[in-house]
Amino acid sequence: MSSNLQRQLDILRGAYQLERFPSLSIRLDRLRRVKAMLSENESAWCEALSEDFGYRSVDQSSFADITTSIKSVNHALKNLKFWMKAERRTPDLSLRMSGAKTYVEAFPKGVVGIVSPWNFPINLALSPLVSVLAAGNRAFIKPSEATPATSALLETLIAKYFSDSEVSVACGDVDVAQAFVKLPFDHIIYTGGEVVARHIMRDAAENLVPLTLELGGKSPVIVSASADLKLTAKRIAFGKYFNAGQICIAPDYLLIAPERLDSFLSELKAAVETADSAQGSADSVSVVNERHRQRLNNLVLDGEKQGGRILTFSGVNQSAYQLTVVIDPSDDASINCAEIFGPVLLIRTIGNLDEQIAYINQSSHPLVIYYFGRSEDEFRRVACETSSGGLVKNDVIFQYANDDLPFGGIGGSGMGKYRGEYGFKEFSNNRAVYKSGFIDVSGFVTPPYSDVFRMVNKLMRKI
Ligand code: NAD
C-alpha cells in the first residue's frame, strides 16, 4: 500500500518538477475546475453527506460544505493575480545606496498532502485544496474514513475533473492515513484531533516536512455582565445545533455569573424550542455515528457523577441528539478537559472577568475565544490577556465565513493559518530575492580594512 502511495506521489512530483511555476491562467483554470466539481454535482455531494451522517439536512450541506467552498474559490479567483505579484522590500540603507533591489516572490512548494476530517468532509478537503492550487502546487488528499460515501465521491470526482498528476485522492482506513503522512511531501496540512497530530508531527519530522495543523480544543464563551442574554442564548443554540455542534469552532463551554444563570437557561430553552420546531427538525443534523453518540453520553454521565447538574432541552425532533447542558461538575469531570464536539454545553458559573480569563488560561490555547458583552475595554482585555487562534465578539462561527481572514489555531489548537491570502502564503515558498547594485559592497568589507570602513561600520548602527 505504501508503495502505491509513493508511486502516486512520484507522479505528482514529476509533473510539478516539469511545470515548476504554473502561470496565473493555469492556476485559475484549476480553481475553476474545483468550482465546477462542486456546483455540477451538488445533489450527489449532499446525498453522500446525508448517507454518512445518518441524516444531514440538504440545505445545511449545501450551505456549509458547498457554498463555503465555492466562496473560497471565488475569493481566490478574484485575488490571485495580486497575491502572485512579487512584494517589494526596502533594502538596508547602505545596500540601497549601492543600487540593490530586494523583493519577496511566492513560488510553489511542490506537492502538498491534505489530511481531512469527517465533520465538514467536503469543505475541509477542498478549502485547503483551493489555497494549495492557488499557490501553484500539486495536491494529494487523504479524506476521512468516517465519511466513506463522501470520500469515495471525492475520489471519483477529483479523477473526473483533474488528471492524476494534478490532484489525487487516497481513500482508506487509518493504516492508509499512517502510511500517507510518512510520505516525503513538500508540506502537509492536517485537520483533525490533537492526539493524531502528535503522531503526524513525529512522522513528518523524519523527512522534515513542514506542517499546518488545524486542530480543535475547547473554545470558551465569556458571558460578560453587559451581555444581552437573549442574543447570547440564540447564538449559542445556533452554535450547538449547526452540524449538531460537530464543529471545531463550536462554543464548547460557557463562563457566566451565577446570578445570571437561570435567566440564560430560560433564554436558551426558548431559543432551542424555536430552532427545533416541527419544520426545523427536517433541517437537523445527526451525531455522525454510534461511537460519537456514546462518547457524548459518557461525557454527560461522568459530568453528572462528578456533581454536575444536567439539563436536556427536548424539542420535537426526538431522533436528534438533544441539546444537553452540564452545569458546574467538579474539577475531575472529563468534560472539563475533553473537547465536546457535539450538542452538549458545559457551563461554569464564573462571572468575574479576571477569574474567567484565569480559567481560560489554565488550559492550552483554544481555537477561538467568544466574548458576549458590550464593553470594548473588556474585549480588549480578553484579547491582550489570553491567546487563541481567533477572537469573536457577540457571535459564534461566522468568523469562518470571511475568506479574507486567516484560519487556524495556536499551541494546542494548531499551527499555521490558511484561507485567502494567508493560505496562498502558507503553501508557498516565499523566497527572499536580493539583486546587488552597481557598487561592489563586498570589496568594501574585504581586508585590509580602512578608516572609512571603520567609520561606516559605526555609522550603520545609527541608521
Ligand atoms: P477523523 O477521525 O476524520 O481524522 C482526521 C483525519 O486523520 C482522517 O483523514 C484520518 O484518516 C486521519 N488519521 C486518523 N488517524 C491517523 C493517524 N494515526 N495518522 C495519520 N492520520 C490519521 O477526524 P477527527 O480527528 O475525529 O476530527 C475531529 C477533530 O478535528 C476535532 O478535534 C476537531 O476540533 C478537529 N477539527 C479541526 C478543524 C480546524 O480547522 N481547526 C476543523 C474540523 C475539525
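Residues numbered from 1 in each chain as written. Predicted model: local features only at pLDDT ≥ 70, side-chain atom pairs only at ≥ 80, totals over all residues. Heavy atoms only, no water.

**Student:** Lay out empty space enclosed by the protein in plain terms, naming residues and giving numbers.
**Tutor:** If you walk through the whole model with that rule in mind, you get five cavities of 30 Å³ or more. The calculated volume of the largest cavity comes to roughly 240 Å³. Forming the boundary of the largest cavity are 17 residues, of which Thr 68, Phe 120, Phe 242, Ile 397 and Tyr 400 lie nearest the centre. Sorting the residues of the lining of the largest cavity by element identifies α4 (58-83) and α6 (123-134) as the ones contributing at least two each. Taken together, the residues of the lining of the largest cavity sort by class into 14 nonpolar, three polar and no charged. Structurally, the lining of the largest cavity is a two-domain feature, drawing no fewer than three residues from each of domain 1 (2-215 + 414-430) and domain 2 (220-401). (1 Å grid on protein atoms, 1.4 Å probe; cavity = no way out; pocket = protein on both sides within 12 Å on 5 of 7 lines; lining within 4 Å. Points joined across faces, edges and corners; volume = space filled by probe spheres on them. Helix = DSSP H or I, 4+ residues; strand = E, 2+ residues; numbered from the N terminus. Nonpolar A, V, L, I, M, F, W, Y, C, P; charged D, E, K, R; others polar. Domains from an automatic or database assignment.)

**Student:** Residue-level account of the site of the ligand, with values.
**Tutor:** Contacts to the ligand come from 28 residues, most closely from Ser 116, Ser 144, Glu 145, Leu 215 and Glu 339. Between Glu 145 and the ligand, the recorded distance is 2.6 Å, taken from a side-chain N or O atom to an oxygen atom. One of the backbone N or O atoms of Gly 193 is found 3.0 Å from an oxygen atom in the ligand. Contributions of two or more residues to the shell around the ligand are made by α8 (174-180), β6 (187-191) and α9 (194-206). Here the shell around the ligand takes three residues from α8, the largest share from any one element. For the shell around the ligand, the residue count by class is 16 nonpolar, eight polar and four charged. Split by domain, the shell around the ligand shows at least three residues from each of two domains, domain 1 (2-215 + 414-430) and domain 2 (220-401). (Near = heavy atom within 4 Å. Polar contact = N/O pair within 3.5 Å; in protein donor to acceptor, adjacent residues only side chain to side chain.)

**Student:** With reference to specific residues and values, describe the sheet that holds strand β15 (residues 414-415).
**Tutor:** Pairing within the open sheet is mixed, and its six strands lie in the order β5-β4-β3-β6-β7-β15. This sheet does not close on itself; its edge strands, each paired only once, are β5 (167-169) and β15. As judged from the four bridges shared by strand β3 (residues 111-115) and β6, these two strands associate in the parallel manner. Within the sheet, the bridge partner assigned to Val 112 lies in β6 and is His 187. Sheet contacts for α6: β3, β4 (138-142), β5 and β6; angle to β3, the most-contacted strand, approximately 165°. (Pairing = 2+ DSSP bridges. Contact = heavy atoms within 4.5 Å. Axes fitted to C-alpha atoms, helices over the stretch in contact; angles between N-to-C directions.)

**Student:** Go over the sheet that holds strand β1 (residues 87-89) with me, naming the residues and quoting the values.
**Tutor:** Pairing in this open sheet of three strands is antiparallel, and the strands run β1-β2-β16 from one edge to the other. Of all strands in the sheet, those with a lone pairing partner are β1 and β16 (428-435), marking the two edges. With strand direction ignored, the average angle separating the axes of adjacent strands in the sheet is 30°.

**Student:** Residue-level account of the nonpolar core, with values.
**Tutor:** Judged by nonpolar contacts, the single largest core of 87 residues is most densely connected at Leu 129, Ile 249, Phe 264, Leu 268 and Ile 347. Counting residues per element, this core draws most heavily on α6, which supplies eight residues. Three or more residues apiece are contributed to this core by two domains, here domain 1 (2-215 + 414-430) and domain 2 (220-401). Leu 296, Leu 299, Val 300 and Val 344 belong to the second largest nonpolar core, which has 23 residues in total. (Core = buried A, V, L, I, M, F, W, Y, C linked by side-chain atoms within 4.5 Å. Buried < 20%, exposed > 50% of the residue type's maximum accessible area, 1.4 Å probe, protein only.)

**Student:** Could you give an account of the pairing of strand β13 (residues 368-372), with specific residues and numbers?
**Tutor:** Burial of β13 is extensive: five of the five residues sit out of reach of the surface. Here β13 shows no split at all, with Val 368, Tyr 370 and Phe 372 on one side and Ile 369 and Tyr 371 on the other all buried. Of the pairings in the sheet, the one linking β13 to strand β14 (residues 390-393) comprises four bridges and is parallel in character. If you follow Val 368 over to β14, its bridge partner there is Gly 390. Handedness of the crossover joining β13 and β14 through helix α14 (residues 376-385): right-handed. (Right-handed = clockwise from strand over helix to strand, strands pointing away.)

**Student:** Can you lay out the domain arrangement of the protein for me, pointing to particular residues and giving the numbers?
**Tutor:** According to the domain assignment, the protein consists of domain 1 (2-215 + 414-430) and domain 2 (220-401). Here the C-alpha centroids of domain 1 and domain 2 sit 31 Å apart. The interface is formed by 21 residues belonging to domain 1 together with 19 residues belonging to domain 2. Summing both partners gives a buried area of about 1700 Å² for domain 1 against domain 2, and 52% of it is carried by carbon and sulfur. On inspection of domain 1 and its partner domain 2, the count reaches zero salt bridges. (Buried area = accessible area lost by both parts, 1.4 Å probe. Salt bridge = Lys/Arg side-chain N within 4 Å of Asp/Glu carboxyl O.)

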